Amino acid sequence: RPHREFRNSPTPRAPAMTKLAVAICLALSLLSGNGHAKKHEVLSFHGPFDDYDRTGLKRVIPKYKTFGDTVINENFIRLTPDRQSKRGGLFSDLYTNTPEFEAVFKFRIAGQGRKLYGDGMALWFTKEGVKQWHKGTELHGASSTFTGFGVIFDTFKNSERPHKDVSILVNDGTRSAEEMMSTAVGCDASVRYHEGRADFSVMHASRAKVTYKEGSLTLSLDAESNGEWETCATIERLDLPADFDSKVYTGMSASTGALADNHDVLSLQVYSEVNELALLEESGHAAVAARPELSEIDELKHHVEHQFVAVYD
């Protein structure tokens, strides 16, 4: 059944309240789940991932499907291991249909390669959803034929064309990969970690924030997931069909070739209003926090899981 948004009656204003008090009250309202929150619960997820399929042997994320080499672990989703010729994907069954939305994608790209590694991963907002996975593999494990946009995290610097570490590809369903790349906007950002460094930690991660509102798009990055957002790129008017935002599926994909990396997804938080996310971040809500506070035992569990999974990849 399509996921629909329902409008709530506006909350009466309290002019006498301070800005801080209003923020606190609104944050508590959002977190209490009393109907005012604009979070797309069915499109959002974060660890620990404790849901299993009917066999009780395989972890799953409700309303999402995994493809290829993707494995859902307790604290992270591995789209590809640090091995050659791998391909993985995670795509939603349901969609958003609001004229504005905001999403924060937390991920970790890391591997043993010191100088040679790749290829990268992508975050998708398209009308095709799962179909994009089945149509082709040329864009980080997914098809270049789609209607919508994708955020590309490209860790392989190809000398044959201009390179951006992070870029936005927009397609109205008719453009080729080469056409999209020739007009892509983006920025350079260090979003890849070398696991061979003595200071490497599985707490290291990066975040990307996508803000879509009535045909405009802004991409912001928090490369070290420390709470410091920087604008990477803005598109004032996306060249997309007028009904694009009536059905937008989310997805993630990654691939490796002769070079490889671990491409891990940590969380995705999607909101149907662009101001909800900032409010939650200010309140320190764990689901969107840059670096959630963990006990020493929980942090150790993350490290052990990371090392254990690497042995069996």
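Scroll up a little and you will see the structure.
S.K.: Quick one: what's the story with a nonpolar patch on the surface, residue by residue and with numbers?
M.R.: A cluster of nonpolar side chains, contributed by Phe308, Val311 and Tyr312, occupies part of the molecular surface with about 400 Å² of accessible area. Looking at where Phe308 falls in the secondary structure, it is placed in helix H5 (residues 296–312).

S.K.: So, the nonpolar core: which residues are in play, and what are the values?
M.R.: If you look at the biggest cluster of nonpolar residues, it comprises 44 residues, and the most contacted ones within it are Phe45, Phe149, Phe153 and Met252. Broken down by element, the residue count for this core peaks at 5 residues, all from strand S6 (residues 100–111). Contacts of Phe45, omitting those with residues within four sequence positions, involve Ile61, Tyr64, Ile77, Leu90, Met252, Val265, Ser267, Leu268 and Gln269. By size, the runner-up hydrophobic cluster in this structure holds 13 residues, among which are Phe91, Leu139, Ala142 and Ile152.

S.K.: Outline the packing of aromatic side chains, supporting the account with residue identities and numerical values.
M.R.: Per the stated rule, a full pass over the model turns up 16 aromatic pairs. Aromatic pair Phe105 and Phe107: ring centres 5.2 Å apart, planes at 15°, arrangement stacked. Take Phe105 and Phe107: they sit in the same class, and that class is buried. With a centroid separation of 6.1 Å and 55° between ring planes, the pair formed by Phe149 and Phe244 is classed as tilted.

Basis of the calculations
- Residues numbered from 1 in each chain as written.
- Predicted model: local features only at pLDDT ≥ 70, side-chain atom pairs only at ≥ 80, totals over all residues.
- Heavy atoms only, no water.
- Patch = residues over 30% accessible without salt bridge, like charges linked within 9 Å, V, L, I, M, F, W, Y side chains within 5 Å.
- Areas by Shrake-Rupley, 256 points an atom, 1.4 Å probe, with all protein chains shown as cover.
- Salt bridge = Lys/Arg side-chain N within 4 Å of Asp/Glu carboxyl O.
- Helix = DSSP H or I, 4+ residues; strand = E, 2+ residues; numbered from the N terminus.
- Core = buried A, V, L, I, M, F, W, Y, C linked by side-chain atoms within 4.5 Å.
- Buried < 20%, exposed > 50% of the residue type's maximum accessible area, 1.4 Å probe, protein only.
- Contact = heavy atoms within 4.5 Å.
- Phe/Tyr/Trp six-rings, centres within 6.5 Å; stacked < 30°, edge-to-face > 60°.

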